[in-house]
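Here's the letter readout for the chains.
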Amino acid sequence: MPDAVAVSAAPAPDRMTARELLGRWEVLIAALLVVTCIVGQALSDAFLSADSFTTASLDLSEVALMALPLALVVIAAEIDLSVASVLALSSAVMGELWNAGLPVEAIAPLCIGVGAVCGAFNGFMVTRLGLPSLAVTIGTLALFRGLAFVVIGDNSVTDFPVAWTDRAFGNFGGTAIPNTIVLFAVLAVAFAVLLHHTAFGRSVYAVGANEEAARFSGIRVKRIKMTLFVLSGAVAALAGVVISLRNSTAAANVGQGFELSAVAAVVLGGVSIFGGRGTILGVVLALGLLGGIQKALTLAEGISSYWVQIVTGTLLIVSVLGPNLVARAREAHAGSAFRRGSWPSRGRPTSDRPREETT
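Residues numbered from 1 in each chain as written. Predicted model: local features only at pLDDT ≥ 70, side-chain atom pairs only at ≥ 80, totals over all residues. Heavy atoms only, no water.

1. Focus on the packing of helix α6 (residues 104–127) against helix α7 (residues 133–152)
Put simply, the test is: Helix axes are fitted only over the stretch in contact, all axes being lines through C-alpha atoms; the angle between N-to-C directions runs from 0 to 180 degrees. Here a helix means four or more residues in a row that DSSP labels H or I, a strand means two or more in a row labelled E, and each is numbered from the N terminus. For a crossing to be left-handed, the near helix must be turned anticlockwise from the far one by less than a right angle; the clockwise case is right-handed. The contact criterion used throughout is that any non-hydrogen atoms of two residues lie within 4.5 Å. Residue polarity is assigned by list, with Asp, Glu, Lys and Arg as charged and Ala, Val, Leu, Ile, Met, Phe, Trp, Tyr, Cys and Pro as nonpolar; anything else, Gly included, falls into the polar class.
Taken N-terminus to C-terminus, the directions of α6 and α7 make an angle of 145 degrees; their axes are 10 Å apart at the nearest point. Read as a crossing pair, α6 and α7 show a hand that is right-handed. Packed against α6, whose contacting residues are Cys-118, Phe-121, Asn-122, Met-125 and Val-126, the element α7 presents Ser-133, Val-136, Thr-137, Thr-140, Leu-143 and Phe-144 at the interface. In terms of residue class, the contact of α6 with α7 is built from seven nonpolar, four polar and no charged.

2. Remarks on helix α4 (residues 50–75)
For clarity, the cut-off: A residue's bend is the angle separating two fitted axes: one through the seven residues that end there, the other through the seven that start there. For each residue, the accessible area found with a 1.4 Å probe, counting protein chains only, is set against the maximum for its type, and the residue is called buried under 20%, exposed over 50%, and partly exposed in between.
At Ser-61, α4 is deflected by roughly 50 degrees, the largest bend along its length. By the criterion of burial, α4 is predominantly enclosed, with 21 of the 26 residues buried. Ala-77 sits one or two positions beyond α4 and adopts a positive phi of about 70 degrees.

3. Considering the pattern of salt bridges
Side chains carrying opposite charge are able to pair once their charged atoms draw close together. For the record, the criterion: Criterion for a salt bridge: a side-chain nitrogen of Lys or Arg within 4 Å of a carboxyl oxygen of Asp or Glu.
With the rule as written, the count across this model stands at six salt bridges. For Lys-225, the salt bridge goes to Glu-78, with nearest N and O atoms at 2.6 Å. With Lys-225 in helix α12 (residues 221–246) and Glu-78 in the loop between α4 and α5 (83–99), this residue pair connects regions lying 147 residues apart in the sequence. According to the relative accessible area criterion, Lys-225 is buried, its value standing at 6%. Residues participating in the shared-partner salt-bridge network are Glu-78, Glu-211, Glu-212, Arg-215 and Lys-225.

4. Quick notes on the nonpolar core
Our working definition: In plain words, nonpolar cores are sets of buried Ala, Val, Leu, Ile, Met, Phe, Trp, Tyr and Cys residues tied together by side-chain atoms within 4.5 Å.
Of all hydrophobic cores here, the largest spans 86 residues; its most connected members are Met-94 and Leu-287. Excluding residues within four positions of it along the chain, Met-94 makes contact with Val-104, Ile-107, Cys-111, Phe-160, Val-241, Ser-244 and Leu-245.

5. Re the environment of Val-235
One can find Val-235 in helix α12. Take Val-235: its relative accessible area is 8%, and that puts it in the buried class. Sequence separation between Val-235 and Leu-68 is 167 residues, and the spatial gap between their C-alpha atoms is 8.5 Å. Those residues in contact with Val-235 that lie beyond four places of it in its chain are Leu-65, Met-66, Pro-69 and Phe-191.

6. Points about a positive patch on the surface
Heads up, the condition is: Candidates for patches are residues over 30% relative accessible area with no salt bridge; among them, like charges are joined within 9 Å and nonpolar side chains (Val, Leu, Ile, Met, Phe, Trp, Tyr) within 5 Å. Method for areas: the Shrake-Rupley scheme with a 1.4 Å probe, in which residue coverage is limited to the protein chains shown. The sign given to each residue is positive for Lys and Arg and negative for Asp and Glu; His and the chain ends receive no count. The atom standing in for a charge is NZ when the residue is Lys, CZ when it is Arg, CG when it is Asp and CD when it is Glu.
On the surface, a cluster of positive charge is made up of Arg-128, Arg-220, Lys-222 and Arg-223. Here Lys-222 shows up in helix α12. The exposure class assigned to Lys-222 is partly exposed, which follows from its relative accessible area of 41%.

7. Focus: the environment of Gly-240
Turning to its location among the elements, Gly-240 is positioned in helix α12. Spatially, the C-alpha atom of Gly-240 lies 8.4 Å from that of Val-254, the residues being 14 residues apart in sequence. Other than its neighbours up to four places away in sequence, Gly-240 contacts Leu-87, Ser-90 and Ser-91.

8. Considering helix α13 (residues 258–268)
Across the eleven residues of α13, ten count as buried, placing the element largely inside the fold. One or two positions beyond α13, positive phi appears at Gly-270, with a value near 95 degrees.

9. Here's the deal with the packing of aromatic side chains
For the record, the criterion: Only Phe, Tyr and Trp rings take part, Trp by its six-membered ring, and two of them pair if their centres are within 6.5 Å. Stacked means planes under 30 degrees apart, edge-to-face means over 60, and tilted covers everything else.
Inspection of every chain in the model, using the stated rule, returns one aromatic pair. For the ring pair Trp-98 and Phe-160, a centre distance of 5.9 Å and an interplane angle of 45 degrees mean the geometry is tilted. Placement of the pair is Trp-98 in helix α5 and Phe-160 in the loop between α7 and α8 (162–169), with a sequence separation of 62 residues. For Phe-160, a relative accessible area of 5% puts it in the buried group.

10. Looking at the side chain of Thr-137
Using the following cut-off: A 3.5 Å cut-off defines polar contacts: any pair of N or O atoms within that distance qualifies, except that in protein one atom must be a possible hydrogen donor and the other a possible acceptor, and neighbouring residues in sequence count only when both atoms are side-chain atoms.
Here Thr-137 shows up in helix α7. In this structure the side chain of Thr-137 is engaged in a polar contact, spanning 3.3 Å, whose partner is the backbone nitrogen of Leu-81. If near-sequence neighbours (up to four positions away) are discounted, Thr-137 is found in contact with Ile-79, Asp-80, Leu-81, Ser-82, Asn-122 and Phe-229.

11. Quick word on the side chain of Thr-140
Relative to the helices and strands, Thr-140 resides in helix α7. In terms of polar contacts, Thr-140 uses its side chain to reach the backbone carbonyl oxygen of Thr-137, at 3.3 Å. Setting aside chain neighbours within four positions, we find Thr-140 in contact with Ser-82, Ser-85, Phe-121, Asn-122 and Arg-145.

Next comes the structure, spelled out in structure tokens:
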């Protein structure tokens with residue numbers, strides 16, 4: 001009974017083989033992270049120190065926060081390039097509200113609300129007017145940054161309460177882990193649960209994989225996308241509050257270029273720019289890799305700081321090009337296998353026993 005033997009020998013569909021596990025993008029990023037630690041320590045003895053970890057984490061904390069909802073937006077086959085400008089607008093609003101006499105406890109929710117409104121504006125333009133998110137968010141990137149300068153001008157606010165600035169700049173429980181990274185970890189777990197363990201997350205994947213099929217299956221595509229843009233704006237505004245307290249400075253020019261780092265982390269983490277694929281774990285690992293590379297280049301003597309931008313841009317290109325080359329190689333291999341006749345023909349005899357279903 002060859003069919004029965006074949007069925008019993010087939011691996012369970014929900015059990016990943018060692019070859020498949022090693023082929024996952026997250027495993028590759030983790031391996032690159034280990035290599036970065038080894039090379040970084042070779043370049044500077046201070047690379048693996050607690051102080052190095054703390055400063056590297058603080059420098060990347062706002063980008064890390066913005067990358068989480070941005071990952072969901074990209075999985076849904078959209079993009080939000082306005083996140084850094086929303087961060088700046090949130091910082092400017094925070095400075096003005098503090099000058100107006102409001103306490104930080106009241107300012108933070110208001111700033112997050114401003115970010116949510118910005119995200120809703122992006123979502124409205126994309127879902128209701130049918131405009132491409134790339135064009136919309138390039139426009140709002142300039143619009144929101146301009147609004148930030150209208151709110152606060154060239155001024156900056158630096159007299160925030162010491163209790164709050166110490167929380168934003170301090171470490172958790174006397175460890176080397178910054179409080180901002182603890183906040184990121186909490187949000188990362190929340191977004192991972194939302195994306196990987198809820199019906200909403202499955203809908204996000206469905207929308208990104210095939211929007212028309214998702215719509216015909218009853219998924220409210222416009223509502224899903226609107227929610228994602230609002231989340232992106234709200235978390236970007238939260239990052240604006242964090243950076244204002246961490247630097248003890250609220251200004252309109254903060255966060256310039258952060259959108260590139262956020263997009264690089266998302267794409268490098270294995271999120272497909274075409275939508276429908278990606279994990280929060282991959283994004284977290286990519287953030288660690290980017291932070292490690294930036295810290296290693298900063299500590300290395302004789303290496304210009306401009307190399308940080310060069311390496312970030314190169315990684316962004318490679319992370320887009322790599323999966324496409326792998327996909328083309330697999331298609332070419334599948335095509336050659338079909339031409340060699342190693343694939344079963346479509347018209348199999350009807351007398352063959354059907355493969356047993358696994359529950």
